[in-house]
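Read off the chains here:
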Amino acid sequence: MNQTFLLGIDIGTQGAKAVVIDDMGHVVSSANVSYSFESPQPGWCEQSPSLWWESVISCLHSLWKNGVDPTAIRAIGTTGQMHSLVILDERKQPIRPAILWNDGRTLKECSEMEEIVGSDYLFNTTRNPILPGFTAPKLLWLKKNEPEHYSRIKKVLMPKDYIVYELTGEFSADVTDASGTCLLNVPDREWAWDVIDELGFSRDWFPPVSESQEVVGSLSETAAQITGLPIGIPVIAGAGDNAAAALGNGIIMEGTGSISIGTSGTVFIPLKELPDLARDQASTLHLFCHCLPGMWHAMGTTLSAGMSLRWLRDAFEKQNYDDLLEGVDQVEAGAGGLLFLPYLNGERSPLNNPAAKGVFFGLSYEHHRKSMARAVIEGVCYSLRDVLDMMEKAEIEVADWTVTGGAIKNPIWTKVLADVFQQHLHVHEEREGPAYGASILAGLGNGVWKAVADLPMLDQKANRIEFNRENQPVYDAQFARYQSIAQAMNPLF
Ligand SMILES: Nc1ncnc2c1ncn2[C@@H]1O[C@H](COP(=O)(O)OP(=O)(O)O)[C@@H](O)[C@H]1O
Ligand SMILES: O=C(CO)[C@@H](O)[C@H](O)COP(=O)(O)O
């Protein structure tokens with residue numbers, strides 16, 4: 001009973017995860033529940049908020065079954081997929097399934113938003129391009145295409161905010177996730193009320209925006225009964241999954257960066273100050289608040305990273321990733337000339353084309369399951385290098401990389417990534433990505449650690465993945481082909 005445990009909950013795109021850590025930052029136990037998303041039309045991606053909540057409840061009951069004492073939990077932090085739109089009605093019920101971050105239906109609404117508010121004003125306020133998948137254009141899409149749903153909106157939430165609501169009965173938002181709505185004044189870390197007014201949205205839809213570690217409520221009696229957690233424990237605002245994962249991996253200093261390969265792939269670089277980029281220099285670079293006060297980060301996102309391998313696993317009707325990947329490490333670097341563009345559901349950074357499609361280029365008789373799997377992994381790594389290229393053009397650079405996300409479960413991902421980047425990488429194998437970071441934020445919010453400098457996990461050593469210099473010529477040549485093919489095909493999709 002003297003133990004101090006912290007709980008982190010992650011609403012991933014392919015599953016919910018919960019992790020319990022102790023006050024030394026060590027993982028005590030974790031649980032996950034997998035799910036899928038629906039695609040009611042090509043390019044659309046939706047998920048039901050009740051599926052997330054039911055999956056969280058089952059993760060928690062698995063933790064208790066595995067011997068974790070729920071009464072030792074002192075605080076809860078939530079995190080999850082960014083940008084995905086949850087709308088609630090006056091009964092506080094979801095009006096429709098959430099429209100996800102990888103949904104490409106809003107290209108037209110992105111332009112409309114710039115026309116309504118003025119593209120320069122919008123960029124200078126939000127410091128971000130308006131991209132399909134971000135939240136605000138989805139509201140404009142609903143206004144036009146589902147007016148009955150639009151007229152019933154009383155609250156707009158991100159996925160993890162919906163879980164905070166289920167846990168506490170309170171509505172909250174945090175600076176990291178709010179950055180990805182296109183409605184946050186990112187330099188001021190507050191809603192851009194003038195933009196919200198211009199777009200005709202109601203100010204009441206948007207909950208107060210907090211720093212990630214701030215306590216925003218306490219566990220309600222109803223949630224305590226359903227989850228088995230003690231009533232009244234504090235719940236913090238939490239953070240978007242990329243910021244939470246970065247904090248969990250200690251990516252809080254300039255010169256460090258993290259690469260996540262979950263459903264999406266992201267390149268994430270912390271910043272002490274917001275760079276003053278011109279609109280065209282920013283390309284599809286995201287400049288968002290970090291989950292520590294007074295910090296920001298630069299990010300770029302490839303939409304189907306780990307998801308491309310999942311697609312291939314299902315296409316080959318393999319039971320699991322180990323079956324799909326058997327022998328793939330024996331295939332030579334460059335996959336015998338076979339190249340894959342991982343644009344299965346469009347692409348965000350750097351192409352910004354929701355109509356883009358996946359491509360195998362250079363197939364011939366000698367290729368087989370193993371070369372196709374290797375080409376998919378390499379293609380995802382080229383798309384991440386393409387994001388890195390975009391960052392370097394904006395003069396945002398990193399020397400020290402840590403990798404996170406489901407892909408760290410098989411070393412082939414990190415080996416190929418290190419070779420494609422021609423850089424060594426770090427991995428903390430025991431950390432459950434965003435859920436781990438959310439539990440760290442909960443500890444900061446609840447005063448288990450007084451300051452960032454006290455975080456015990458910052459001293460823990462990561463595994464170092466070396467790169468193979470001999471593979472540089474083949475990967476440089478393949479990356480150049482990748483970029484040429486992507487550019488050539490872009491207008492044809
Ligand atoms: N055992 C494994 N071997 C190889 N790749 C894996 C394995 N497990 C998960 N992955 C990769 O990780 C992805 C899921 O990552 P995850 O971080 O759990 O996603 P999300 O947070 O978006 O739900 C899968 O699509 C797959 O590409
Ligand atoms: O859109 C973004 C970031 O801008 C994605 O990174 C989502 O946040 C989903 O994350 P994963 O489920 O792939 O971790």
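Residues numbered from 1 in each chain as written. Chains lettered and ligands numbered in written order. Predicted model: local features only at pLDDT ≥ 70, side-chain atom pairs only at ≥ 80, totals over all residues.

As recorded by an unreviewed UniProt entry, the protein carries the name Xylulose kinase and is attributed to Peribacillus muralis. Listed in UniProt under the heading Sequence similarities (unreviewed entry), the comment for the protein reads: "Belongs to the FGGY kinase family." (UniProt positions renumbered as here; feature names shortened; annotations may be inferred.)

Enquirer: In this structure, what is going on with the domain arrangement of the protein? I would like to understand it.
Expert: For the protein, the domain assignment lists domain 1 (5-243) and domain 2 (252-427 + 461-493). A C-alpha centroid distance of 25 Å is found between domain 1 and domain 2. If you list the elements that add at least two residues to the side of domain 1 that touches domain 2, you get α7 (175-179) and α10 (241-248). Broken down by element, the side of domain 1 that touches domain 2 gets its largest block of residues, three residues, from α7. (Domains from an automatic or database assignment. Helix = DSSP H or I, 4+ residues; strand = E, 2+ residues; numbered from the N terminus.)

Enquirer: How should the site of ligand 2 be read in this particular structure?
Expert: Residues in contact with ligand 2 amount to 17 residues; listed here are only the nearest, Thr13, Met82, Gly262, Thr263 and Ser264. A class-by-class count of the residues in the shell around ligand 2 yields two nonpolar, 14 polar and one charged. Split by domain, the shell around ligand 2 shows at least three residues from each of two domains, domain 1 (5-243) and domain 2 (252-427 + 461-493). (Near = placed C-beta within 6 Å. Nonpolar A, V, L, I, M, F, W, Y, C, P; charged D, E, K, R; others polar.)

Enquirer: Help me understand the packing of helix α14 (residues 369-393) against helix α17 (residues 472-489), please; the structure alone is not making it clear to me.
Expert: In a packed pair of helices, the relevant descriptors are the angle between the two axes and the axis-to-axis distance. For the pair α14 and α17, interaxial distance at closest approach is 10 Å and the crossing angle is 75°. With respect to their mutual orientation, α14 and α17 come out roughly perpendicular. Where α14 approaches α17, its residues Glu378, Tyr382, Arg385 and Asp386 are matched on the opposing element by Gln478, Phe479, Tyr482 and Gln483. Residue classes in the contact of α14 with α17 are distributed as three nonpolar, two polar and three charged. (Axes fitted to C-alpha atoms, helices over the stretch in contact; angles between N-to-C directions. Parallel < 35°, antiparallel > 145°, perpendicular 65-115°, else oblique. Contact = placed C-beta atoms within 7 Å.)

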